[in-house]
Amino acid sequence: MATTMETTTGMINMLQFMKFIGQLKRVPRTGWVYREVQKPESVSDHMYRMAIMSMTITDPTVDKNRCIKLALVHDMAECIVGDIAPSDNISKAEKHRREEEAMKHISALLPEGLKQEMYGLWEEYENQSSAEARLVKEFDLLEMILQAHEYEELEGTPGRLQEFFDSTEGRFQHPDVLQLLSSLNKERDCHMSKKDEAKDSGNSQTTGGASSHSS
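The structure displayed is predicted, hence computed values, not measured ones. (Residues numbered from 1 in each chain as written. Predicted model: local features only at pLDDT ≥ 70, side-chain atom pairs only at ≥ 80, totals over all residues. Heavy atoms only, no water.)

Caption draft 1: Representation of the pattern of salt bridges within the structure. In the structure shown here, the tally under the stated rule is 13 salt bridges. We note a salt bridge from Glu41 to Arg29, for which the minimum N-O separation is 3.3 Å. Highlighted residues: Glu41 in the loop between helix 2 (30-34) and helix 3 (43-55) and Arg29 in the loop between helix 1 (4-23) and helix 2, separated in sequence by 12 residues. Here the two residues Glu41 and Arg29 agree in accessibility, since each one is buried. (Salt bridge = Lys/Arg side-chain N within 4 Å of Asp/Glu carboxyl O. Helix = DSSP H or I, 4+ residues; strand = E, 2+ residues; numbered from the N terminus. Buried < 20%, exposed > 50% of the residue type's maximum accessible area, 1.4 Å probe, protein only.)

The structure is reproduced here in structure tokens:
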């Protein structure tokens, strides 16, 4: 039976753990910062929608609850190391080392069973060692391009964040994800077409104005 001192220490550690997790609400997603997106989403914003995506999965061959947990844990280390982007020129090995160290530090604040589960989920995602981890990776990429599309909508700049879409080319396999991707691409194509139509219309008016001016 736990002593009063052990219980007190456990609660102090749990509070520190919660404060670490709270940091994720204040860590902006680096890719958007580098592209000068106004009021970029936080890491926890990103993970929250991934968890909701996991709830909507219809595939009976994957463990939906495990997907939700993986989504909520996969970027947890970023509360300490920050969101390291490819353009930061930090090798994958070094990124993994930093995040592994951070996860060991964070999970050490938890009771033994929960510590093992939390660290195990992070490791499972990192190693892509299960069908659930691979599906959640697809959600990670899908959530990113959905957010890119939303930023383009908010800015009125269809196509500005095309590089994010290009980076995911050929990386989606799961039928549920492919259906969502198809809907997203159709909506985005529609917005891009309207942009092109507006541009063509503007060019026509300019040409017409120039013709009448010169006559």
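Caption draft 2: How the structure looks around the packing of aromatic side chains. Counting across every chain of the model gives 3 aromatic pairs. Centre to centre, the rings of Trp32 and Tyr151 are 5.2 Å apart; their planes meet at 75°, and the pair counts as edge-to-face. Here Tyr151 lies in helix 8 (residues 131-155) and Trp32 lies in helix 2, a separation of 119 residues in the sequence. Accessibility expressed as a relative area gives 6% for Tyr151, which makes it buried. For the pair Trp32 and Phe164, a centre-to-centre distance of 4.6 Å together with 40° between the ring planes defines the contact as tilted. In this pair, Trp32 is assigned in helix 2 and Phe164 in helix 9 (residues 162-166), connecting sequence segments 132 residues apart. (Phe/Tyr/Trp six-rings, centres within 6.5 Å; stacked < 30°, edge-to-face > 60°.)

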